[in-house]
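# Overview (structure and organization)
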Amino acid sequence: MASELSQQLAELGANMLLKCLHDLPRVSSSAQIQPVEGATKAPKLMPVMSELNFVEHTADVVDRRFRGASEKYPLHCRWNGSVVKLYDMVALQELESLQLDAAVNDAASKPPGYGYYLKKHQLLCIRCKNGWVAFRSICPKGKKIMTAKEFYNGFLSKCEHKDKLFVA
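Our subject in this report is the structure included herewith. (Residues numbered from 1 in each chain as written. Predicted model: local features only at pLDDT ≥ 70, side-chain atom pairs only at ≥ 80, totals over all residues. Heavy atoms only, no water.)

### Observations concerning the pattern of salt bridges
Within this structure, the stated rule accounts for five salt bridges. Its salt-bridge partner being Asp 23, residue Arg 26 comes within 2.6 Å of it at the nearest N-O pair. The class for Arg 26 is exposed, based on a relative accessible area of 52%. Residue Arg 67 is joined to Asp 63 by a salt bridge in which the shortest nitrogen-to-oxygen separation is 3.0 Å. Of the two residues, Arg 67 and Asp 63 both sit in helix α3 (residues 59–69), four residues apart, roughly one turn of that helix. With a relative accessible area of 42%, Arg 67 lands in the partly exposed category. Judged by relative accessible area, Asp 63 falls into the buried class, the value being 14%. (Salt bridge = Lys/Arg side-chain N within 4 Å of Asp/Glu carboxyl O. Buried < 20%, exposed > 50% of the residue type's maximum accessible area, 1.4 Å probe, protein only. Helix = DSSP H or I, 4+ residues; strand = E, 2+ residues; numbered from the N terminus.)

Quick look at the structure:
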C-alpha cells in the first residue's frame, strides 16, 4: 500500500540525508545536475482517480487505483443511486485462488458492476471488465463503514436490491 511505501521511502531518505550531511564537503564538490531528458513525473493524485467504472476498468486498473490512491481518496462508485466507498480490497492473487467464476451461477453472463457476496470468505465481489475484484468493507453514503457481510445482510440480500449494479 501507499502508506507502507511512504514509510519505507521516509526511512531511506532520512538515512541518505544523514549520510550526506555527515560527508557534506565531499558530496557538494561532486554534485551533478540531473539531465532533463529521460525524466518522468507521475501524475498528481486527484479525487477523480478514485472513481470506479466497472464497465471500463479491468481488475488490474482497480487494483492499481486501490494501492495508489485509496489512502488519500477511497475508491468509490454508485450503488442504488448513492455513492458507496470501497475499503480493504482483496489482493488479486488471493482472489484468483477463490475461483469466483465457479462459485457464481452463470458468472460469464453477469454484467460489469454485478455484486456478489461470497459467504464462505465474507467478501463483496464485484464483476469488472475482465473478471472480479473483492472488498472486505464498504461505506454507503450516510452510513458507517460496514463489513461485506453487514452490507449483504442490510442491503444486497433484499429482493428490491438483487439486480442493482455498482456503476460509475
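After that view of the structure, there is still more to cover.
### Remarks on a nonpolar patch on the surface
Taken together, Leu 5, Leu 9, Leu 12 and Met 16 make up a surface patch of nonpolar side chains, about 410 Å² in accessible area. Among the structural elements, Leu 5 can be located in helix α1 (residues 2–22). (Patch = residues over 30% accessible without salt bridge, like charges linked within 9 Å, V, L, I, M, F, W, Y side chains within 5 Å. Areas by Shrake-Rupley, 256 points an atom, 1.4 Å probe, with all protein chains shown as cover.)

### Observations regarding helix α6 (residues 148–156)
Each turn of an α-helix holds 3.6 residues, which means side chains three or four residues apart point in the same direction. Among the residues of α6, those classed as buried are Ala 148, Phe 151, Phe 155 and Leu 156. What you see down the axis of α6 is that its buried residues fit within an arc of 65 degrees, all on one side. Looking at the buried residues of α6, the elements they touch are β1 (75–79), β3 (115–118), β4 (123–128), β5 (131–140), β6 (146–147) and β7 (166–167). (Arc of directions from axis to C-beta. Contact = heavy atoms within 4.5 Å.)

### Here's the deal with the pairing of strand β2 (residues 82–89)
By the bridge criterion, five bridges tie β1 to β2 in an arrangement that is antiparallel. Within β2, the position partnered with Cys 77 by the bridge is Val 84. Connecting β1 to the antiparallel partner β2 that follows it, the hairpin turn spans two residues, and Asn 80 within it adopts a positive phi of roughly 55 degrees. Bridging between β2 and β5 involves five bridges; their strand directions are antiparallel. For Leu 86, the partnering residue across the bridge sits in β5 and is Ile 138. (Pairing = 2+ DSSP bridges.)

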